[in-house]
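# An overview of the molecular structure
Next come the chains, spelled out residue by residue.
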Amino acid sequence: MSLSPLPRPVILDGDPGHDDAVNILLSHASPELEVLGVTTTFGNVGLDKTTRNALTTLALIGSQTPVYAGADRPLLVPRLSAESVHGQTGLDGPLLPSATREAEILHAALFIIREVRVRPGEVTLLPTGPLTNLALALRLAPDIAPQVRQIIWMGGSLDVGNWTPAAEFNALCDPHAAQIVFSSGVPITMFGLNATHQAVATPERIAPIRALGTTVGEVVAGLLEFFAEHHRERYGWEGGPLHDPLTCAYLLAPELFGTQPMYVEVDISGGPSSGRTNCDLWNLTGRAPNAEVVMTVDADGFYALLTERLGRL
Ligand code: RIB
Ligand code: CA
């Protein structure tokens, strides 16, 4: 009788946010993972709202996973936010249950440090927002860098941005934090816009989720339909790219993705390209790769996996 491997311990760090919320649900629907905690940051909306949204998402599935609030602003640059995409609450659209508890007292960065020190080499970090919490943890406790198993980040882009012509939102929110993480030596897999824009939540992909006939299915379908509105107006697409849950899916089904190692550096110049993730696709710098950049996504395979897993909640 073959024993199933132990669940992989992960920490979800994000700015819920419609797609962050779906990442929380997918992670909790997957027995391959042990979600140690959800840490929150400013990003799509302010920290108080992203933290409440994380607690609300967990309340939807009756989860007691602890939530730890983190950075309420970037390290240096002025704070951005994306109410134009996610609405004033950060989770506009479907009616959600009220959170039934508060976040923990411990700061997110200190929680990350504690968990990595207690489980050296085991913890995978799934940041899906600005990287400020991870940067704070790495600066407070440089000893944890070789002890983090892997970072799988939704952010950056091989090519164009979505908040400026050069920069993707998460990277632009805190370019200095992103550069601290990319220069930390921790193994990073980067889901940039070049990858996530391959996974648009079209009506044909939302329909099977609603057809689950469950509260979770109805809520996720509602979140994706709201998320589609901005992208339909801005890009003329049939839906919104479901950025963040791709990070979790990479752990569940890596065969759905193609990656390429390359050197990535974040522009912190403060100029018009600030926040751009400069990806050395052709090794022009001669610098050793510091990231696996996701290049291809099997979108139909991802939505089949997502729908099946959501059906378990
Ligand atoms: O640019 C897309 C990213 O920014 C996603 O993670 C979205 O949730 C926002 O955080
Ligand atoms: Ca996010």
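Look a little higher up for the structure.
Keep in mind that this is a model prediction, so the values were computed, not measured. (Residues numbered from 1 in each chain as written. Chains lettered and ligands numbered in written order. Predicted model: local features only at pLDDT ≥ 70, side-chain atom pairs only at ≥ 80, totals over all residues. Heavy atoms only, no water.)

Before going further, it helps to spend a moment on the coordination of the calcium ion (ligand 2). The calcium ion (ligand 2) binds to the protein through Asp15 (OD), Asp20 (OD), Asp20 (OD), Thr128 (O) and Asp244 (OD), with metal-donor distances spanning 2.2 to 2.6 Å. All donors of the calcium ion (ligand 2) belong to a single chain; written as a sequence motif, their spacing is D-x4-D-x107-T-x115-D. Separated by 224 residues along the polypeptide, aspartate 20 in helix H1 (residues 18-28) and aspartate 244 in the loop between helix H10 (215-235) and helix H11 (245-252) bring together distant segments of the chain. Aspartate 244 shares its class with aspartate 20; the two are buried. (Donors = N, O, S within 2.8 Å, 3.2 Å for Na, K, Ca; no water. Helix = DSSP H or I, 4+ residues; strand = E, 2+ residues; numbered from the N terminus. Buried < 20%, exposed > 50% of the residue type's maximum accessible area, 1.4 Å probe, protein only.)

It is worth spelling out the sheet that holds strand E5 (residues 150-154) at this point. The strand order across the open sheet built from eight strands is E3-E2-E1-E4-E5-E6-E10-E7, with neighbouring strands paired in mixed fashion. Strand pairing shows two members of the sheet lacking a second neighbour, strand E3 (67-69) and strand E7 (257-262), which therefore form its edges. The average angle at which neighbouring strand axes cross in this sheet is 25 degrees, direction not considered. Bridging between strand E4 (residues 124-127) and E5 involves two bridges; their strand directions are parallel. Within E5, the residue paired with leucine 125 across the bridge is isoleucine 151. Packing against the sheet, H1 makes contact with strand E1 (8-14) and strand E2 (33-40), and its axis sits at approximately 165 degrees to E1. (Pairing = 2+ DSSP bridges. Axes fitted to C-alpha atoms, helices over the stretch in contact; angles between N-to-C directions. Contact = heavy atoms within 4.5 Å.)

Burial along E4 is two-sided: Thr124 and Leu126 and Leu125 and Pro127, pointing in opposite directions, are all buried. Across four bridges, the pairing between E1 and E4 is parallel. By the bridge assignment for E4, aspartate 13 is matched with proline 127.

With respect to the helices and strands, leucine 252 occurs in helix H11. A C-alpha to C-alpha distance of 7.9 Å links leucine 252 and serine 30, two positions 222 residues apart in sequence. In this view, leucine 252 contacts Leu26, Ser30, Glu32, Leu33, Leu305 and Arg309; residues no more than four positions away in its chain are not counted.

Going through the model one piece at a time under the given rule, you end up with eight aromatic pairs. Judged by centre distance (5.2 Å) and plane angle (90 degrees), the rings of phenylalanine 191 and phenylalanine 257 are edge-to-face. Taken together, the residues phenylalanine 191 in strand E6 (residues 188-191) and phenylalanine 257 in strand E7 connect sequence positions 66 residues apart. Phenylalanine 257 shares its class with phenylalanine 191; the two are buried. (Phe/Tyr/Trp six-rings, centres within 6.5 Å; stacked < 30°, edge-to-face > 60°.)

The tally for this structure, following the rule as stated, stands at eleven salt bridges. Taking the shortest distance from any N to any O, the salt bridge between arginine 205 and aspartate 300 comes out at 2.9 Å. Taken together, the residues span a long stretch of sequence, with arginine 205 in helix H9 (residues 203-210) and aspartate 300 in helix H12 (residues 299-310) at a distance of 95 residues. With a shortest N-O distance of 3.1 Å, arginine 309 and glutamate 308 are connected by a salt bridge. Overall, the relative accessible area of 9% leaves arginine 309 in the buried class. Judged by its relative accessible area of 40%, glutamate 308 falls in the partly exposed class. One network of salt bridges, in which partners are shared, links Glu32, Glu308, Arg309 and Arg312. (Salt bridge = Lys/Arg side-chain N within 4 Å of Asp/Glu carboxyl O.)

Before going further, it helps to spend a moment on unusual backbone geometry. At asparagine 283, a residue that is not glycine, the phi angle is positive and equals roughly 55 degrees. Position of asparagine 283 among the secondary structure elements: in the loop between strand E9 (277-279) and strand E10 (291-297).

Before going further, it helps to examine the packing of helix H5 (residues 132-140) against helix H7 (residues 175-182). Relative orientation of the contacting elements H5 and H7 amounts to 55 degrees, with a least axis distance of 8 Å. Judged by the inter-axis angle, H5 sits oblique to H7. Considering how the two elements wind past one another, H5 and H7 form a crossing that is left-handed. In this structure, H5 uses Thr132, Leu134, Ala135, Leu138 and Arg139 to contact H7, whose residues at the interface are Ala177, Ile180 and Val181. A class-by-class count of the residues in the contact of H5 with H7 yields six nonpolar, one polar and one charged. (Parallel < 35°, antiparallel > 145°, perpendicular 65-115°, else oblique. Left-handed = near helix turned anticlockwise from the far one by under 90°. Nonpolar A, V, L, I, M, F, W, Y, C, P; charged D, E, K, R; others polar.)

With that out of the way, let us pick up the nonpolar core. Core analysis: the largest hydrophobic core is formed by 47 residues, its most contacted members being Val38, Phe191, Val220, Phe257, Phe302 and Leu306. In contact with valine 38, other than residues within four places in its own chain, are Leu12, Ile24, Ala54, Leu58, Thr65, Pro66, Val67 and Tyr68. One finds Tyr68, Ala109, Leu131 and Trp153 within the second-largest nonpolar core, a separate group that totals 38 residues. (Core = buried A, V, L, I, M, F, W, Y, C linked by side-chain atoms within 4.5 Å.)

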